[in-house]
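Residue-level structure breakdown
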Number of protein chains: 2
Amino acid sequence: MPLSFEGVLADRSTWRLDNCSIGRSMEAIGTRSSMLVLREAFYGTTRFDDFVRRTKIGDAIVAARLKDLTDIGLFTKQPYREPGKRTRYEYLLTEKGRDLFPAVFALMQWGNKHLQGEDGGPLRLVEQGTGEPVVIGARTASGRDVDLEDLAIVAHGDWAGPQSD
Amino acid sequence: MPLSFEGVLADRSTWRLDNCSIGRSMEAIGTRSSMLVLREAFYGTTRFDDFVRRTKIGDAIVAARLKDLTDIGLFTKQPYREPGKRTRYEYLLTEKGRDLFPAVFALMQWGNKHLQGEDGGPLRLVEQGTGEPVVIGARTASGRDVDLEDLAIVAHGDWAGPQSD
DNA sequence: CACCTGACTTGACTAAATAGTAGTCAGCCA
DNA sequence: TGGCTGACTACTATTTAGTCAAGTCAGGTG
């Protein structure tokens, strides 16, 4: 059995979650187009036409996504001006947006391993400078790797009591 | 600027991806219901009615998701038999399914930090036994933490040449 | 000042995900 | 053997995502 529950959560039959962070995250950013826009932003793209060209998503959807993601605080709009052009806006990741990088690259890592051919997909994450391969995974604050079997879930905050239904 | 590109990828204007692993992953599992079913599976749920009860998703959708996810190889169906009942099937995560745990818990971690109130959501990941907090993030093979600014992308496999359009 | 361009916006439509309800069907039990 | 239960399957409706084409509009250029 993967993963264990500790404390009041130990008996899985006595509680159920209705404000699950995974569900909320998926509601906020759980579409292909959101993820591709975020991918591009992590790749350094900031301008509308670059998002459109590099994601191959239509301009209407890119515009809608940038608006949504800006509304929920993943991007900020900064005015910029190219000589001889009028003022436009570029879309810069906020901390909230940047904090998504483990999620986005975990999907890339999984896709590389399981949805591509033998070669494992076109792109790899490495550390800048050293070129060492980079892996997205779980570890403790003190730096130990943790795999699924060694994970546990604990209740946190005021939501500490099980409630059944 | 977050993240850098190395080698042939250095000039972002000369290439574009059309077999991106992030896009493929989202096509395979990029729905709220898939993620919630996977969450439950990581929590140890294996049986149909438990998935239905614990996710609050309707039985029709759970059945569809379990079928999809089994078809693409994230679950296997194993027959089981309770005394006095007929044979049913339980849904067990395959390696391909288990490999998604960084992606799923990265979403949880992000949601805890950015989509919940002050308390940061109801559940926390810790290491079994020690109770140490667990974080999903990037690190090198040799165990060093890497953050976004120190990441780089390199081309891999036969897809090594830029192609523009 | 008419024209053009880039960055969106709008609208019409298709496709996919989700919700809710109503079957189906294998087999245990009376 | 006829009903009951649990695990699905099928159907309809609604909502959301995505495609495509056309329209808007600020402002710089000829």
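Residues numbered from 1 in each chain as written. Chains lettered and ligands numbered in written order. Predicted model: local features only at pLDDT ≥ 70, side-chain atom pairs only at ≥ 80, totals over all residues. Heavy atoms only, no water.

So, on to the overall build of chain A. Each helix and strand counted, chain A has six helices and seven strands in total. Each principal axis of the C-alpha distribution contributes one length, and for chain A these read about 65 × 40 × 30 Å. Every one of the 165 residues in chain A was classed for burial, and the buried ones make up 52%. Of the contacts made within chain A by residues no fewer than 6 positions apart, 49% connect residues no fewer than 24 positions apart. Accessible surface for chain A amounts to roughly 7,600 Å². Of this, 49% is attributable to carbon and sulfur atoms. Considering chain A, the positive charge centre built from 22 side chains and the negative charge centre built from 24 side chains are found 11 Å apart. (Helix = DSSP H or I, 4+ residues; strand = E, 2+ residues; numbered from the N terminus. Buried < 20%, exposed > 50% of the residue type's maximum accessible area, 1.4 Å probe, protein only. Contact = heavy atoms within 4.5 Å. Areas by Shrake-Rupley, 256 points an atom, 1.4 Å probe, with all protein chains shown as cover. Lys, Arg positive; Asp, Glu negative; His and termini not counted. Charge placed at Lys NZ, Arg CZ, Asp CG, Glu CD.)

Turning to the interface of chain B and chain A, a few remarks are in order. Often, the extent of an interface is quoted as the loss of accessible area upon association of its parts. Contact residues are listed per partner, giving 97 residues for chain B and 97 residues for chain A. Counting the surface lost from both chain B and chain A, the interface buries some 9,100 Å², and carbon and sulfur atoms represent 60% of this. Ranking the residues of chain B by area buried against chain A places Ile22(B), Trp110(B) and Arg139(B) at the top, with a combined share of 9%. Between Lys113(B) and Asp99(A) there is a salt bridge whose closest N-O contact spans 2.9 Å. On the surface where chain B and chain A come into contact, there are 48 residue pairs in polar contact (both at pLDDT 80 or more). Looking at which element gives the most residues to the side of chain B that touches chain A, the answer is helix 6 (residues 101-114) of chain B, with 13 residues. The residue inventory of the side of chain B that touches chain A, partitioned by class, reads 47 nonpolar, 22 polar and 28 charged. Two elements, strand 7 (residues 151-155) of chain A and strand 4 (residues 123-127) of chain B, share five bridges in a ladder whose sense is antiparallel. Looking across to strand 4 of chain B, one finds that Leu151(A) is bridged to Glu127(B). (Buried area = accessible area lost by both parts, 1.4 Å probe. Salt bridge = Lys/Arg side-chain N within 4 Å of Asp/Glu carboxyl O. Polar contact = N/O pair within 3.5 Å; in protein donor to acceptor, adjacent residues only side chain to side chain. Nonpolar A, V, L, I, M, F, W, Y, C, P; charged D, E, K, R; others polar. Pairing = 2+ DSSP bridges.)

The subject of this paragraph is the relation of the copies chain B and chain A. Superposing chain B onto chain A takes a rotation of 180° plus a shift of 0.0 Å along the axis, which leaves an RMSD of 0.0 Å. On the angle and the small slide along the axis, the relation comes out as a two-fold axis. Interface overlap between copies is the fraction of interface residues in one copy that are interface residues in the other; for chain B against chain A it reaches 100%, indicating a shared surface. (Least-squares fit on C-alpha atoms with pLDDT ≥ 70 in both.)

Let us look at the protein's contact with DNA strand C. Around DNA strand C sit 19 residues in total, of which Arg86(A), Arg88(A), Ser33(B), Ile61(B) and Arg81(B) are the nearest. Side-chain polar atom of Tyr91(A) to a phosphate oxygen of DNA strand C: 3.5 Å apart, as the coordinates give it. Between a phosphate oxygen of DNA strand C and a side-chain N or O atom of Arg65(B), the distance comes to 3.2 Å. Elements represented by at least two residues in the surface near DNA strand C include exactly helix 3 (48-55), helix 4 (59-71) and strand 3 (87-93) of chain A together with helix 2 (32-42) and helix 4 (59-71) of chain B. A breakdown of the residues in the surface near DNA strand C according to their chemical character gives seven nonpolar, three polar and nine charged. (Near = heavy atom within 4 Å.)

Using the criterion set out here, one finds 28 salt bridges over all chains in the structure. Notably, a salt bridge pairs Asp49(B) with Arg53(B), separated by 3.7 Å at the nearest N-O pair. Here Asp49(B) pairs with Arg53(B), and both are found in helix 3 (residues 48-55), just four residues apart, close to one helical turn. Salt bridges sharing common partners tie together Arg39(A), Glu40(A) and Arg12(B).

This paragraph deals with the packing of aromatic side chains. Taken as a whole and judged by the stated rule, the model has 11 aromatic pairs over all chains. Relative to Phe75(A), the ring of Phe51(A) has its centre 6.2 Å away and its plane inclined at 80°; by these criteria the two rings are edge-to-face. Note that Phe51(A) is positioned in helix 3 and Phe75(A) in strand 2 (residues 75-81), a separation of 24 residues in sequence. There is no split in this pair, since Phe51(A) and Phe75(A) are both buried. Arranged with centres 6.4 Å apart and planes meeting at 85°, the rings of Phe75(B) and Tyr91(B) form a pair that is edge-to-face. Taken as a pair, Phe75(B) in strand 2 (residues 75-81) and Tyr91(B) in strand 3 (residues 87-93) lie far apart in primary sequence, 16 residues in all. The pair Phe75(B) / Tyr91(B) is uniform in exposure class, with both members buried. Ring pairing ties together the aromatic residues Phe42(A), Phe101(A) and Phe105(A), which thus form one cluster. One cation-aromatic arrangement involves Arg47(A) over Tyr80(A); the distance from NZ or CZ to the ring centre is 3.7 Å. (Phe/Tyr/Trp six-rings, centres within 6.5 Å; stacked < 30°, edge-to-face > 60°. Lys NZ or Arg CZ within 6 Å of the ring centre and 35° of its normal.)

Coordinates in, geometry out; function isn't part of it.
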